[in-house]
Amino acid sequence: MSEMITADLVDLDLSADSKEAAARALAERMVALGRVTDLDGFLADVAAREAQMPTGLDGGIGIPHCRSEHVTEPTLAFGRSAAGIDFGAADGPADLIFLIAAPAGADDAHLTILSSLARQLMNAEFTDALRSAADANAAAALIRGEEPDGTGGVPEGIEDSVDSVDSVAVPAAASAGAATGSPDVGPRTGAQNGPQNGPEEGPRNGTDDGPAERGRPFRVVAVTSCPTGIAHTYMAAESLEKAGREAGVEVVVETQGSAGFTRLDPAVIGAADGVIFAHDVPVRDKDRFAGKPTVDTGVKAAINRPGELIDEVRGKAARGEVTAVGAAGAAGADGPSGTTPVERGGKPGEGYGTKLRVWLMSGVSYMVPFVAAGGLLIALGFAIGGYEINKAPSVMDHFVWSQADSWAALLFQVGGVAFAFLVPVLAGYIAYGMADRPGLVPGFVGGSIALTVNAGFLGGLAAGLISGAVVMAIQRVRIPAALRGIMPVVVIPLISSAVVGFLMFVVIGKPIASAQKAMTDWLSGLSGANAVLLGALLGLMMCFDLGGPVNKVAYAFATAGIAVADPSDSAMKIMAAVMAAGMVPPLAMALATTVRGKLFNAAERENGKAAWVLGASFISEGAIPFAAADPLRVIPSSMVGGALTGALSMAFGATLRAPHGGIFVVPLIGNPLLYLVAIAAGVCVTTALVIVLKGLRKPAPGAVAQGPGGTDPSAPSPEAKQPVAA
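The residue count restarts for each chain, going from 1 along the sequence in the order it is written. Where totals are concerned, whole chains, interfaces and linings use all residues; where local detail is concerned, this predicted model gives features only for residues with pLDDT of at least 70, and gives and counts side-chain atom pairs only at 80 or more. Based on all heavy atoms of the structure, the side-chain values leave hydrogens and waters out of the count.

## Structural notes on the overall build of the chain
Each helix and strand in the chain was counted, giving 24 helices and 13 strands. Among the 726 residues that make up the chain, the fraction classed as buried is 53%. Contacts are assigned to residue pairs with any non-hydrogen atoms lying within 4.5 Å of each other. At a minimum sequence separation of 6, the contacts of the chain that also span at least 24 residues come to 73%. Per-residue accessibility takes into account occlusion by the displayed protein chains alone, with areas from the Shrake-Rupley method and a 1.4 Å probe. For the chain, the exposed surface amounts to about 29300 Å²; the carbon and sulfur share of it is 61%. Numbered from the N terminus, helices here are DSSP runs of H or I no shorter than four residues, and strands are runs of E no shorter than two. Exposure classes here rest on a 1.4 Å probe applied to the protein chains alone. A residue is buried below 20% of its type maximum, exposed above 50%, and partly exposed in between.

Right, here's the structure in full:
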């Protein structure tokens with residue numbers, strides 16, 4: 001394997017003024033060496049990773065990184081900026097920028113090498129040496145862990161204190177096939193002296209002597225993980241281990257990287273006094289850690305403030321606060337963002353409002369499939385049997401196989417049953433988002449009571465939040481160890497259901513029902529300019545984050561109006577406006593890539609083909625790849641087109657009984673031709689704005705234009721020298 005970083009991949013005078021420009025400047029060096037095959041496609045993958053979570057770290061470090069099919073071999077590029085570049089770190093701009101490129105199918109040895117760099121970045125001597133490196137050769141040698149020729153060498157002690165990037169390649173590769181789990185990661189401890197074991201050598205815990213005895217150090221087991229599993233995962237592990245050594249605490253870390261992980265020895269977990277989860281993706285096999293004092297936070301919190309996390313878990317242990325058995329969550333259960341649930345309450349600057357949004361989106365995300373299935377079945381029932389089908393007798397009493405009306409009644413009644421689950425599912429999974437599985441029972445009970453007292457959608461929201469809060473309060477109560485086994489099965493469901501039932505029936509049910517009726521009456525009275533303005537607002541919300549929280553709020557508002565036996569005309573107009581606006585972004589991106597393909601790279605043009613189908617099916621997420629790569633042009637353009645479509649749909653009086661389906665439910669739409677006109681108008685406006693805005697930007701060097709002899713300048717070339725930084 002060739003060296004991951006050479007002098008040609010180092011820019012000690014990086015002149016970029018933004019993180020996008022910095023990534024492009026460093027990526028161009030990779031292209032020149034043949035390490036990246038498609039510059040814009042690779043940068044789109046970098047931007048998509050950056051959109052998941054900023055890659056700036058305290059201490060002036062930026063680590064944009066991704067796994068991409070456009071990368072031929074694992075590569076590092078390093079840039080040093082005198083002015084600093086904002087990568088989203090809390091302490092300000094970064095002056096040391098590492099662009100990490102991993103192939104989509106990178107093997108375990110490659111990922112081990114990348115993780116080694118991530119750990120080095122937590123060493124102050126290493127970063128100081130990089131800031132003082134005199135030339136590119138010295139910087140590249142320092143990162144590789146070699147003694148460079150000439151001046152600007154590696155300071156004494158650096159090689160002994162950290163693993164070099166390339167030096168771990170041989171042992172990692174040699175053991176790649178020998179480990180039981182993935183050798184990408186392995187448990188590490190922050191309380192050991194002497195040489196560190198490789199990731200594939202299993203737990204290094206120093207706890208083979210069994211249960212804790214008096215006078216031993218406090219023991220913590222931790223799990224770290226990030227969306228790509230390349231950098232933050234290992235930097236968080238290194239940071240926790242270092243803080244543990246300084247505090248005299250034994251810290252054993254399980255790094256759940258992108259290629260897999262090696263599970264901690266159950267004996268190590270059993271001997272631990274506390275647990276730290278530092279993650280932005282679900283912790284796998286989380287239930288292994290149940291019954292211990294636990295701190296659950298985001299991965300960057302472990303990088304930026306590891307000492308506070310260790311103090312927090314020690315405090316919980318002193319107070320006897322433990323995670324209930326079963327509350328750790330089932331491995332693999334997926335919430336709204338693939339979590340069960342990840343509160344991430346430790347992220348700096350993340351307050352109650354952000355947690356509330358995550359909880360609400362948990363309920364909405366689980367509710368949507370019921371909305372789609374039930375709504376489409378009801379709409380098909382109306383389409384086949386007419387609008388009187390809601391008065392048909394039960395199919396249990398009257399069903400004739402050869403009559404279309406009987407089949408229409410069957411569809412309508414099955415859809416009605418699915419719709420009846422909307423509010424209980426909403427409430428149940430809001431509670432689940434707050435308190436995990438113990439919140440499901442009181443949440444569903446509270447949601448059903450909301451239907452009983454006619455509190456509707458608002459009642460479901462309140463029931464879910466109350467249920468989660470009640471369960472969380474019960475879980476904070478210290479109980480004898482002998483009773484912990486029955487808590488999630490008997491005690492928590494019993495007490496929480498009784499409390500939630502009392503509150504919903506006796507205290508807040510009637511006031512919420514009155515508020516729900518007032519909202520319904522207001523919607524029914526909307527007409528003229530008010531309706532058009534509401535349509536424009538909903539269109540803006542649908543296109544703001546393309547399937548994100550704001551989009552889901554608008555969609556939930558619309559579906560709540562039609563999730564009744566006899567929805568009002570205004571509610572069906574709102575549903576029509578919301579679906580029409582949600583179709584605009586992907587259809588517009590598809591049209592733009594067709595009309596002016598030269599403004600888009602090859603990957604975007606390919607995504608444009610899929611966007612035709614996604615947009616026609618009312619899947620707004622089809623525009624996300626375009627928004628991630630160029631948010632300042634794509635998102636505002638989409639919002640303008642979505643607002644126009646929503647306003648026109650309301651003005652035309654288009655109605656829709658189905659909550660999903662896109663153009664495939666056009667026969668079920670009132671005023672279908674004008675409805676299609678509204679969609680077409682928004683698509684054309686968004687397409688025009690995107691084309692104009694992209695046409696005004698300064699062309700990326702070699703992104704589209706053909707070079708001499710018709711060659712693509714971005715293609716690898718033996719003669720290519722260091723490109724000019726963008």
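## Some points on unusual backbone geometry
The phi torsion at asparagine 454 lies on the positive side, around 65°, for a residue other than glycine. For asparagine 454, the position within the fold is in the loop between α15 (440-452) and α16 (456-475). Its relative accessible area of 59% is what places asparagine 454 among the exposed residues. Residues other than glycine seldom take positive phi values, yet asparagine 671 does so here, at roughly 60°. Mapped onto the elements, asparagine 671 comes out in the loop between β13 (669-670) and α24 (672-696). Asparagine 671 gets classed as partly exposed once you look at its relative accessible area, which sits at 39%.

## Let's talk about the pairing of strand β8 (residues 219-225)
When you tally the buried positions in β8, you get 7 out of 7 residues, the bulk of the element. Two strands qualify as a pair provided that DSSP identifies no fewer than 2 bridges between them. Direction of pairing for β8 relative to strand β9 (residues 250-255): parallel, over a ladder of 6 bridges. In the sheet register, arginine 219 faces β9, and the bridge partner there is glutamate 250. Here β8 pairs with strand β10 (residues 274-279) via 6 bridges, running parallel. Residue pairing across strands places threonine 224 opposite alanine 278, the latter belonging to β10.

## Some points on a nonpolar patch on the surface
Patch membership requires more than 30% relative accessible area and the absence of a salt bridge. Residues of like charge join within 9 Å; the nonpolar side chains Val, Leu, Ile, Met, Phe, Trp and Tyr join within 5 Å. Should a side-chain nitrogen of Lys or Arg be within 4 Å of a carboxyl oxygen of Asp or Glu, the pair is scored as a salt bridge. Together, Val640, Leu689, Val692, Leu693 and Leu696 make up a nonpolar patch on the protein surface, roughly 420 Å² of accessible area in all. Looking at the nonpolar patch, the element that brings in the most residues is α24, giving 4 residues. In this structure, leucine 693 sits in helix α24.

## Looking at the nonpolar core
Each nonpolar core is a collection of buried residues, namely Ala, Val, Leu, Ile, Met, Phe, Trp, Tyr and Cys, held together in the definition by side-chain atoms within 4.5 Å. In this structure, Phe42, Phe78, Phe98, Leu130, Ile143 and Ile276 are the most contacted members of the largest nonpolar core, which totals 71 residues. When residues in this core are grouped by element, the largest group, 8 residues, is from helix α1 (residues 19-32). Not counting residues within four places of it along the chain, the set of residues in contact with phenylalanine 98 comprises Gly62, Ile63, Pro64, Ala77, Phe78, Leu117, Leu121, Phe126, Leu130 and Ile143. If you look at the next biggest cluster of nonpolar residues, it comprises 70 residues, including Met367, Tyr555, Ala658 and Ile679.

## A few points about the packing of aromatic side chains
Aromatic contacts are taken between Phe, Tyr and Trp rings whose centres are within 6.5 Å, Trp giving its six-membered ring; a plane angle under 30 degrees counts as stacked, one over 60 as edge-to-face, and the others as tilted. Throughout the structure, instances matching the rule amount to 12 aromatic pairs. With a centroid separation of 5.9 Å and 35° between ring planes, the pair formed by phenylalanine 370 and phenylalanine 421 is classed as tilted. One end of the pair, phenylalanine 370, is in helix α12 (residues 352-385); the other, phenylalanine 421, is in the loop between α13 (404-419) and α14 (422-435), and 51 residues separate them in sequence. Assessed through its relative accessible area of 41%, phenylalanine 421 is described here as partly exposed. With a centroid separation of 6.2 Å and an interplanar angle of 85°, the aromatic rings of phenylalanine 600 and phenylalanine 626 are classed as edge-to-face. Here the residue phenylalanine 600 occupies a position in the loop between α20 (569-595) and α21 (602-616), and phenylalanine 626 occupies one in helix α22 (residues 624-629), the gap between them amounting to 26 residues. Residue phenylalanine 600 is classed as buried on the basis of its relative accessible area, which comes to 2%.

## Quick word on the pattern of salt bridges
Inspection of the entire model under this criterion finds 16 salt bridges. Note that glutamate 50 and lysine 19 form a salt bridge whose closest N and O atoms lie 3.5 Å from each other. Residue glutamate 50 is located in helix α2 (residues 39-52), and its partner lysine 19 is located in helix α1; the two are separated by 31 residues in the primary sequence. Classification of glutamate 50 as buried rests on a relative accessible area of 12%. For lysine 19, a relative accessible area of 26% gives the class partly exposed.

## Things to note about the packing of α20 against α24
The relative placement of two packed helices comes down to the angle between their axes together with the axis-to-axis distance. Each axis is a line fitted through C-alpha atoms, and for a helix only the stretch in contact is used; angles between axes span 0 to 180 degrees, taken between their N-to-C directions. Contact geometry of α20 with α24 gives a least axis separation of 7 Å together with a crossing angle of 45°. On the basis of the axis angle, α20 is oblique to α24. Relative to α24, α20 is oriented so that their crossing is right-handed. Listed contacts from α24 to Ala576, Met579, Ala580, Met583, Val584, Leu587, Ala588, Met589, Leu591, Ala592 and Val595 of α20 are Tyr675, Ile679, Gly682, Val683, Thr686, Thr687, Val690 and Ile691. Any residue that is not Ala, Val, Leu, Ile, Met, Phe, Trp, Tyr, Cys, Pro, Asp, Glu, Lys or Arg is counted as polar, Gly included; the first ten are nonpolar and the last four charged. Residue classes in the contact of α20 with α24 are distributed as 16 nonpolar, 3 polar and no charged. Should an angle lie under 35 degrees it is considered roughly parallel, over 145 roughly antiparallel, and from 65 to 115 roughly perpendicular; all remaining angles are considered oblique. Handedness of each helix crossing follows the sense of rotation of the near helix against the far helix: counterclockwise by less than a right angle gives left-handed, clockwise gives right-handed.

## Some remarks on the environment of alanine 44
Take alanine 44: it is sitting in helix α2. Spatially, the C-alpha atoms of alanine 44 and proline 625 are 7.5 Å apart, while their sequence positions differ by 581 residues.

## Some remarks on helix α23 (residues 631-652)
By definition here, a helix of n residues has an expected span of 1.5 Å times n minus one. Between its terminal C-alpha atoms α23 stretches 31 Å, which fits the 32 Å expected from 22 residues at 1.5 Å a residue. Residues of α23 that are buried include every one of Val634, Ser637, Ser638, Gly641, Gly642, Ala643, Thr645, Gly646, Ala647, Ser649 and Met650, and no others. Downstream of α23 by a residue or two, glycine 653 has a phi angle that is positive, lying close to 75°.

## Some words on the side chain of serine 497
Structurally, serine 497 can be placed in helix α17 (residues 487-524). A relative accessible area of 16% places serine 497 in the buried class. The residues contacting serine 497, other than those within four sequence positions of it, are Val441, Pro442, Val445 and Ile492.

## A short note on the packing of α14 against α15
The interhelical angle for the contact between α14 and α15, taken along N-to-C directions, is 150°, at an axis separation of 7 Å. In terms of crossing hand, the pair formed by α14 and α15 is right-handed. Taken together, the residues of α15 that come into contact with α14 (itself represented by Val423, Pro424, Val425, Ala427, Gly428, Tyr429, Ala431 and Tyr432) are Leu440, Gly443, Phe444, Gly447, Ser448, Ala450 and Leu451.

## Quick word on α24
The terminal C-alpha atoms of α24 lie 36 Å apart, and with 25 residues this matches the ideal 36 Å at 1.5 Å per residue to within 8%. The complete set of buried residues in α24 reads Tyr675, Ala678, Ile679, Gly682, Val683, Thr686, Thr687, Val690, Ile691 and Lys694. Taken together, the buried residues of α24 touch α20, α23 and β13.

## Let's talk about the environment of proline 567
The topology assignment puts proline 567 in the loop between α19 (549-562) and α20. For proline 567 and arginine 657, which are 90 residues apart along the polypeptide, the C-alpha to C-alpha distance reads 8.1 Å.

## Some points on the environment of serine 365
In this fold, serine 365 is placed in helix α12. For serine 365, a relative accessible area of 24% corresponds to the partly exposed category. Between the alpha carbons of serine 365 and alanine 556 there is a distance of 9.4 Å; along the sequence they are 191 residues apart.

## Focus: the side chain of glutamate 604
By the secondary structure assignment, glutamate 604 is in helix α21. No salt bridge is formed by the buried glutamate 604; the nearest opposite charge belongs to lysine 694, separated by 4.7 Å. With sequence-adjacent residues up to four places away left out, glutamate 604 is seen in contact with Thr593, Phe626 and Ala629. In this count, Lys and Arg are taken as positive residues and Asp and Glu as negative ones, while His and the chain termini are left out.

## Some words on the pairing of strand β6 (residues 94-103)
Within β6, 9 of the 10 residues are buried, which leaves it mostly tucked inside the rest of the structure. Pairing between strand β3 (residues 61-62) and β6: 2 bridges, direction parallel. Opposite isoleucine 61, over in β6, you have leucine 96 as the bridge partner. Note that strand β5 (residues 75-85) and β6 share 7 bridges and pair antiparallel. Bridge assignment links arginine 80 to a residue of β6, and that residue is leucine 96.

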